[in-house]
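# Chain and residue survey
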Amino acid sequence: MSSVHWWQNAVVYQVYVRSFSDSDGDGVGDLEGVRSRLGYLELLGVDALWLTPFFTSPMADHGYDVADPRSVDPVFGDLRTFDALVTDAHEHGLRVMIDLVPNHTSTEHEWFRAALDSVPGSPERARYHFRRGRGEEGELPPNNWTSVFGGPAWTRALDLDAAGEWAPGGWYLHLLSPDQPDLNWTNPEVWADLEKTLRFWLDRGIDGFRVHMAHGMSKPDGLPDNRGGDEGGAVGLLAPIDGDPRFDHDGVHDVHRMIRAVLDHYPGRTAIGEITVGDDERFARYVRSDELHLGFNFRLLQAPFDAAAVREAIEHSLAAVKWAGAAPTWTLSNHDAPRPVSRYGGGALGRARARAMTLVELALPGAVCLYNGEELGLPDAELPDAELQDPIWELSGHAERGRDSCRVPMPWEGDAPGHGFTSGQPWLPMPPEYGELTVAGQLEDTTSTLSLIRRAVELRKTHPAFTGDGVEWFGAPSGCLAFRRAGSTLVCALNTSNNAVPLPPGDLLLASGPLNGNLLPPDTAAWLA
Ligand code: GLC
């Protein structure tokens, strides 16, 4: 793999649209808000934006429950605003990627409403997975699968009975919430509709898609029980799903070949899949030359702050694309996982570690994805129960708090409660400490996390040492790691131990925190060349 295409070494910035910038004071971020912040993103130096779903949706899963995939929900704007955003982003030198949600629709999608109004065996129901239940009266779910969000993966629908009355009847499958019925990917109409959606957005000038749950869609024949455990499968969005019949079924690769075939008609456009397949060889299948261009690998995000674990995550991520000849991807943070500052211990310690890990990530060959607020070193927000909105909270019977804490709006400036995100009431409360982490404040401060990441992104783009596709490991003291970009002079060292260690030889380019002479202190990373 040498960097021929822009995405192979891009820094992609994930905009969680609800929480980025609100232009109309309703407390929810929108497309016009994103448009008004393009100058900031240009300054940050990223290459592309990935916009989370802004399509018409009842928002049961904040837009990942799509009622019409070829439209803009009024809460986010309209198609004209979207077109203006794409045009302006391109003028700022930023590419635009959008989310694609092919595994399921919303229950409010016209197809699903028609399915509920139709009889078992009808073409309307054949676009989803409706099945008769087990038990004498069909009163038990058709198999033991659980939803990723908690609870059974099946909900019972009403059917017309012999007397012409609507009564509890067949069940429909939803690997996520009951508001997200899974589409039947053996149905040609489902394929044709996705192709239409791909072309609709590509023709509007977008540069690519992030394919949600790229290991979903295809289901095994007969929908056999999950034998992996009594529970019917792992719960949790980014949990590895190896051997789980709900996911990573071989048939999914035909879907990716179709997506790729469409994209190949649009030079320069790309697709990056959300893939939680743990096995390296099975992961690699998704990024073969006729499938997705890139795949999100979550190993780095899941690794604790420990040099050995970080190295293992890097080695697996590289191995998982090498076989297919694709570029690796790196991510420490997204809207589905606790923020790194909190994950690594919170407070000043968590922030120091998150800064160090960002240097590790940005030193690696391949594409990097930053999640909005990561560049500010935002911690997770503590939210009272009454504010929680993620469906996981209810569906897990309040066992899991869900992902709201990492989705709290961006603080832009000032001490007012909306911190420049909104003139109204933010859809999730912003903690007072976010007032010390605003974009405006950090731009002024050369030691801020924002200044560090800006500088790191700039060096990554402009310094000649940032070449080379592989990673060569150096010997390092216990609790530390050091690697060199193969074929280049860039060295990155990370110290996760409790003691300061000597820096590897080379001229210092950047450090994630203060150094101690020629020593790399704990919880710090440095770049040398
Ligand atoms: C994707 C999204 C996640 C959403 C899920 C289900 O994985 O990243 O936020 O909940 O799809 O639709």
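The name given to the protein chain in an unreviewed UniProt entry is Glycoside hydrolase family 13 protein, with the source organism recorded as Pseudonocardia alaniniphila. Reading the Sequence similarities (unreviewed entry) entry of the UniProt record for the protein chain gives the comment "Belongs to the glycosyl hydrolase 13 family."

Let us look at the sheet that holds strand β6 (residues 166-173). Spatial ordering of the open sheet is given by β4-β6-β5, a layout of three strands whose pairing is antiparallel. Of all the strands in the sheet, the pair left with one neighbour each is β4 (130-131) and β5 (154-160). Sheet topology places β5 next to β6; six bridges connect them, and they run antiparallel. The partner of Trp154 across the bridge, within β6, is Leu173.

Here we take up the site of the ligand. Around the ligand sit 14 residues, and of these Asp61, His212, Glu274, His335 and Asp336 come closest. Contact distances for the ligand include 3.1 Å between an oxygen atom and a side-chain N or O atom of Gln180. Residue Arg210 places a side-chain N or O atom 3.0 Å away from an oxygen atom belonging to the ligand. Bound to the protein, the ligand loses 100% of the 310 Å² it would expose on its own. By residue class, the composition of the shell around the ligand is four nonpolar, four polar and six charged.

The subject of this paragraph is the packing of helix α5 (residues 188-203) against helix α6 (residues 252-263). Closest axis-to-axis distance for the α5/α6 pair is 10 Å, and the angle between their directions is 35 degrees. Handedness of the crossing formed by α5 with α6: right-handed. In this structure, α5 contributes Trp191, Leu194, Glu195, Leu198, Arg199 and Leu202 to the contact, and α6 contributes Asp254, Val255, Met258, Ile259, Val262 and Leu263.

Below, the discussion takes up a negative patch on the surface. On the surface, Glu382, Asp415, Glu433 and Glu436 cluster together to form a negatively charged patch. Among the secondary structure elements, Glu433 is positioned in the loop between α12 (391-395) and α13 (439-444).

When their charged atoms lie close together, side chains carrying opposite charge are able to pair. As enumerated under the stated definition, the model contains 33 salt bridges in all. Put simply, Arg403 and Asp336 hold a salt bridge, and the shortest N to O gap is 2.9 Å. You can see Arg403 sitting in the loop between α12 and α13 and its partner Asp336 sitting in the loop between β10 (329-331) and α10 (340-343), a full 67 residues away along the chain. Both residues of the pair, Arg403 and Asp336, belong to the buried class. Residue Glu472 is joined to Arg484 by a salt bridge in which the shortest nitrogen-to-oxygen separation is 2.5 Å. Taken as a pair, Glu472 in strand β12 (residues 471-474) and Arg484 in strand β13 (residues 480-485) lie far apart in primary sequence, 12 residues in all. Classification of Arg484 by relative accessible area gives partly exposed; the value is 27%. Counted as one network, the salt bridges with shared partners bring together Asp61, Asp336, Asp390, Arg403 and Arg407.

This part is about the nonpolar core. Counting 157 residues, the largest nonpolar core has Leu51 and Trp527 as the members making the most contacts within it. Of all the elements, helix α9 (residues 307-322) adds the most residues to this core, at eight residues. Counting residues in hydrophobic clusters, the runner-up holds nine residues, among them Cys480, Ala493, Val501 and Leu503.

For an α-helix the count is 3.6 residues per turn, leaving residues at separations of three or four pointing the same way. Between its terminal C-alpha atoms α9 stretches 22 Å, which fits the 22 Å expected from 16 residues at 1.5 Å a residue. All buried positions along α9 are accounted for by Ala307, Ala309, Val310, Ala313, Ile314, Ser317, Leu318, Ala320 and Val321.

Bringing the side chain of His174 into the picture now. With respect to the helices, strands and loops of the structure, His174 is situated in the loop between β6 and α5. Owing to a relative accessible area of 1%, His174 belongs among the buried residues under this scheme. A polar contact is formed between the side chain of His174 and the side chain of Thr155, at a distance of 2.7 Å. Within the structure, His174 has its side chain in polar contact with the backbone oxygen of Leu176 (distance 2.9 Å). With near-sequence residues (within four places) excluded, His174 lies in contact with Ser147, Pro152, Ala153, Trp154, Thr155, Gln180, Pro181 and Asp182.

Taken in spatial order, the eight strands of this open sheet run β9-β8-β7-β3-β2-β1-β11-β10, and their pairing is parallel. Each edge of the sheet is formed by a strand with only one pairing partner; in this case those strands are β9 (294-296) and β10. Averaged over all adjacent pairs, the angle separating strand axes in this sheet is 25 degrees, with direction ignored.

What counts, and at which threshold
Chains are numbered independently. Their residues run from 1 in the order of the written sequence. Side-chain atom pairs in this predicted model are given and counted only at pLDDT of 80 or more, local residue features only at pLDDT of at least 70, and totals for whole chains, interfaces and linings cover all residues. Calculated side-chain values reflect all of the structure's heavy atoms, with hydrogen atoms and water omitted. UniProt positions are given in the numbering used here, feature names are shortened, and annotations may be inferred rather than shown by experiment. Criterion used throughout: strands pair if DSSP finds at least two bridges between them. Only DSSP runs of H or I with at least four residues qualify as helices, and only runs of E with at least two residues qualify as strands; both kinds are numbered from the N terminus onward. We call a residue near a molecule or strand whenever a single non-hydrogen atom of that residue lies within 4 Å of it. Between N or O atoms, a polar contact is any pair within 3.5 Å; within protein, one atom must be a potential hydrogen donor and the other a potential acceptor, and residues adjacent in sequence are included only when both atoms are from side chains. For the area figures, the Shrake-Rupley method with a 1.4 Å probe applies, and any residue is considered shielded solely by the protein chains shown. Side-chain classes follow a simple rule in which Ala, Val, Leu, Ile, Met, Phe, Trp, Tyr, Cys and Pro form the nonpolar group, Asp, Glu, Lys and Arg form the charged group, and the remainder, Gly included, forms the polar group. Axes here refer to lines fitted to C-alpha atoms; in helices the fit is confined to the stretch in contact. Angles between the N-to-C directions go from 0 to 180 degrees. Working rule for handedness: look at the near helix, and if it is turned counterclockwise from the far one by less than a right angle, call the crossing left-handed; if clockwise, right-handed. In what follows, residue pairs with any heavy atoms lying within 4.5 Å of each other are defined as contacts. Patch membership requires more than 30% relative accessible area and the absence of a salt bridge. Residues of like charge join within 9 Å; the nonpolar side chains Val, Leu, Ile, Met, Phe, Trp and Tyr join within 5 Å. A pair is scored as a salt bridge if a Lys or Arg side-chain nitrogen falls within 4 Å of a carboxyl oxygen belonging to Asp or Glu. Charge convention: Lys and Arg are scored as positive, Asp and Glu as negative, and His as well as the terminal groups of each chain are ignored. Taken as the charge centre is NZ of Lys, CZ of Arg, CG of Asp or CD of Glu, depending on the residue. Residue burial is assigned from relative accessible area. The probe radius is 1.4 Å, only protein chains are included, and a residue is buried under 20% of its type maximum, exposed over 50%, and partly exposed in between. Side-chain atoms within 4.5 Å link the members of a nonpolar core, which is a set of buried Ala, Val, Leu, Ile, Met, Phe, Trp, Tyr and Cys residues. Multiplying 1.5 Å by the helix residue count minus one yields the expected span of that helix.

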